[in-house]
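Below are the chains, spelled out letter by letter.
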Amino acid sequence: MEPWRWPPDRYEVQITLPPPDYTAVDHYHFAEFAYAAVEGLAGGQALQIRVVRLDDGMVLFDALARIALPFEEW
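Below is a short write-up of the structure. This is a predicted model, so every value here is computed, not measured.

**Looking at the nonpolar core**
Okay, step 1: Of all hydrophobic cores here, the largest spans eleven residues; its members are Tyr11, Val13, Ile15, Ala31, Ala34, Val38, Ile49, Val51, Leu60, Phe61 and Trp74.
Okay, step 2: Only β1 (11-16), α1 (31-41), β3 (48-53) and β4 (58-62) provide two or more residues apiece to this core.
Okay, step 3: Non-local contacts of Trp74, meaning those with residues more than four positions away in its chain, are made with Tyr11, Ala31, Ala34, Tyr35, Val38, Val51, Arg53, Leu60, Phe61 and Leu69.

This is how it looks when you write it as structure tokens:
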């Protein structure tokens, strides 16, 4: 029996913060966790928040470009 493995990451959350932190990238497998990360960052110190679906490169959320697909489309 093969050991259980964590599924591959499917979402990349890119965050730009004020100096000295600048840019951070987090990966998530579950859409719920990526979406919750965006909700937690929105309205905070982040200068930019962007979410990309890794399978197809689709931008699901981009604060500067005003892209915010509904959760059902993630």
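**Examining the environment of Arg53**
Okay, step 1: Note that Arg53 resides in strand β3.
Okay, step 2: Residue classification places Arg53 among the buried residues on the basis of a relative accessible area of 17%.
Okay, step 3: Residues contacting Arg53, with those up to four places away along its chain left out, are Arg10, Tyr11, Met58, Leu60, Glu73 and Trp74.
Okay, step 4: Separated by 3.0 Å, the side chains of Arg53 and Asp56 make a polar contact.

**Concerning a nonpolar patch on the surface**
Okay, step 1: Side chains of Trp4, Trp6, Phe30 and Phe33 sit close together on the surface and give an oily, nonpolar patch of about 540 Å² of accessible area.
Okay, step 2: Take Phe33: it is sitting in helix α1.
Okay, step 3: In this structure Phe33 comes out as partly exposed when scored by relative accessible area, which is 48%.

**Describing the sheet that holds β3**
Okay, step 1: As summarised here, the arrangement of the five strands in space is β2-β1-β3-β4-β5, forming an open sheet in which the pairing is antiparallel. The sheet is open, and its two borders are formed by β2 (23-28) and β5 (67-68), each paired with just one other strand.
Okay, step 2: Across two bridges, the pairing between β4 and β5 is antiparallel. In the strand pairing of β5, Asp62 is matched with Ile67.
Okay, step 3: Seen against the sheet, α1 touches β1, β2, β3 and β4 and runs at an angle of roughly 15 degrees to β1.

**Notes on α1**
Okay, step 1: Looking only at α1, the buried set comprises Ala31, Ala34, Ala37 and Val38. One side of α1 holds all its buried residues, which, seen down the axis, span an arc of 125 degrees. Of the residues in α1, the exposed ones pointing more than 90 degrees away from the buried face are Glu39 and Gly40.
Okay, step 2: For α1, the elements touching its buried residues are β1, β2, β3 and β4.
Okay, step 3: Two residues or fewer past α1, Gly43 is found with a positive phi of approximately 80 degrees.

Basis of the calculations
Residues numbered from 1 in each chain as written. Predicted model: local features only at pLDDT ≥ 70, side-chain atom pairs only at ≥ 80, totals over all residues. Heavy atoms only, no water. Core = buried A, V, L, I, M, F, W, Y, C linked by side-chain atoms within 4.5 Å. Buried < 20%, exposed > 50% of the residue type's maximum accessible area, 1.4 Å probe, protein only. Helix = DSSP H or I, 4+ residues; strand = E, 2+ residues; numbered from the N terminus. Contact = heavy atoms within 4.5 Å. Polar contact = N/O pair within 3.5 Å; in protein donor to acceptor, adjacent residues only side chain to side chain. Patch = residues over 30% accessible without salt bridge, like charges linked within 9 Å, V, L, I, M, F, W, Y side chains within 5 Å. Areas by Shrake-Rupley, 256 points an atom, 1.4 Å probe, with all protein chains shown as cover. Salt bridge = Lys/Arg side-chain N within 4 Å of Asp/Glu carboxyl O. Pairing = 2+ DSSP bridges. Axes fitted to C-alpha atoms, helices over the stretch in contact; angles between N-to-C directions. Arc of directions from axis to C-beta.

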